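Here is what each chain is made of, one letter per residue.
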Amino acid sequence: MANFFFLEGGYLILAAIILLITLFVTTRPFMSKGSVKKGLISVSLVLAVAIGAHFAVTTNRMVEVQAAFAEDKEIICESRMVRKVAPYVLIKKSRGWRLEGDNFVSDDYSRPFFSARCIVE
């Protein structure tokens with residue numbers, strides 16, 4: 001739960017914008033009387049389920065990646081340093097990588113790789 005706002009922060013901001021748009025549309029004169037309440041509740045439920053499902057999938061993948069790393073399996077992580085030459089980095093414990101919190105760190109790379117942006121090969 002500690003990573004919830006870090007992982008889902010962008011989606012929470014988008015959800016707030018969508019709720020503001022819903023509020024704006026449902027308060028227009030052409031909408032029926034109960035549309036504000038119905039609209040906000042239904043849109044909130046859909047957004048909450050979508051964000052919750054995304055968080056569950058992401059945290060499950062993080063656990064899977066960290067378990068595979070502990071077993072010295074190869075991990076593929078997105079590289080944002082040079083996207084054209086090396087769009088991903090192969091990470092393996094036996095190659096000198098270590099796991100610090102939720103980040104893969106190596107002395108050969110200047111930046112860490114967040115385990116939420118990785119998959120098991």
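Residues numbered from 1 in each chain as written. Predicted model: local features only at pLDDT ≥ 70, side-chain atom pairs only at ≥ 80, totals over all residues. Heavy atoms only, no water.

1. Re the sheet that holds strand E6 (residues 118-120)
This is how it is decided: Following DSSP output, two strands are said to pair if at least two bridges run between them. A run of H or I in DSSP counts as a helix once it spans at least four residues, and a run of E counts as a strand once it spans at least two, with each numbered from the N terminus. Interaxial angle, 0 to 180 degrees, is taken between N-to-C directions of lines fitted to C-alpha atoms, where a helix line uses only the stretch in contact. It only takes one pair of heavy atoms within 4.5 Å for two residues to be counted as in contact.
Judged by pairing direction, the sheet is antiparallel, and its 3 strands sit side by side in the order E2-E1-E6 without closing on themselves. Two strands bound the open sheet, and with one partner strand each, they are strand E2 (88-91) and E6. The mean inter-strand angle of the sheet, taken between neighbouring strand axes irrespective of direction, is 25 degrees. Pairing between strand E1 (residues 75-78) and E2: 4 bridges, direction antiparallel. Its bridge partner lying in E2, Cys 77 is registered against Val 89. Where helix H2 (residues 35-70) meets the sheet, it contacts E1, E2 and E6, and its direction lies at approximately 60 degrees from that of E6.

2. With respect to the environment of Asn 3
In plain terms, the rule: Residue exposure (1.4 Å probe, protein chains only): buried if accessible area is under 20% of the type maximum, exposed if over 50%, otherwise partly exposed.
Structurally, the position occupied by Asn 3 is in the segment before helix H1 (4-26). The class for Asn 3 is partly exposed, based on a relative accessible area of 22%. The spacing of Asn 3 and Thr 27 is 24 residues in sequence and 35 Å in space, taken between C-alpha atoms.

3. As for H2
To keep things clear, this is the line we draw: Given the number of residues in a helix, its expected span is that number minus one, multiplied by 1.5 Å.
Over its 36 residues, H2 runs 52 Å from end to end, which matches the ideal 52 Å to within 8%, given 1.5 Å per residue. The set of residues buried in H2 consists of Ser 35, Gly 39, Leu 47, Ile 51, Phe 55, Thr 58, Met 62, Val 65, Ala 68 and Phe 69. Just beyond H2, the residue with positive phi is Asp 72, at close to 65 degrees.

4. Considerations on the state of the cysteines
Let me state the cut-off plainly: Only a pair of cysteine sulfur atoms within 2.5 Å qualifies as a disulfide here.
Applying the stated criterion across every chain yields a total of 1 disulfide. Here Cys 77 pairs with Cys 118 through a disulfide, and the sulfurs are 1.8 Å apart. Every disulfide takes its handedness from the sign of the S-S torsion; for Cys 77 and Cys 118 that torsion is 105 degrees, giving right-handed. Placement of Cys 77 in strand E1 and of Cys 118 in strand E6 is noted, with a sequence separation of 41 residues between them. By the burial criterion, Cys 77 is buried, and Cys 118 matches it.

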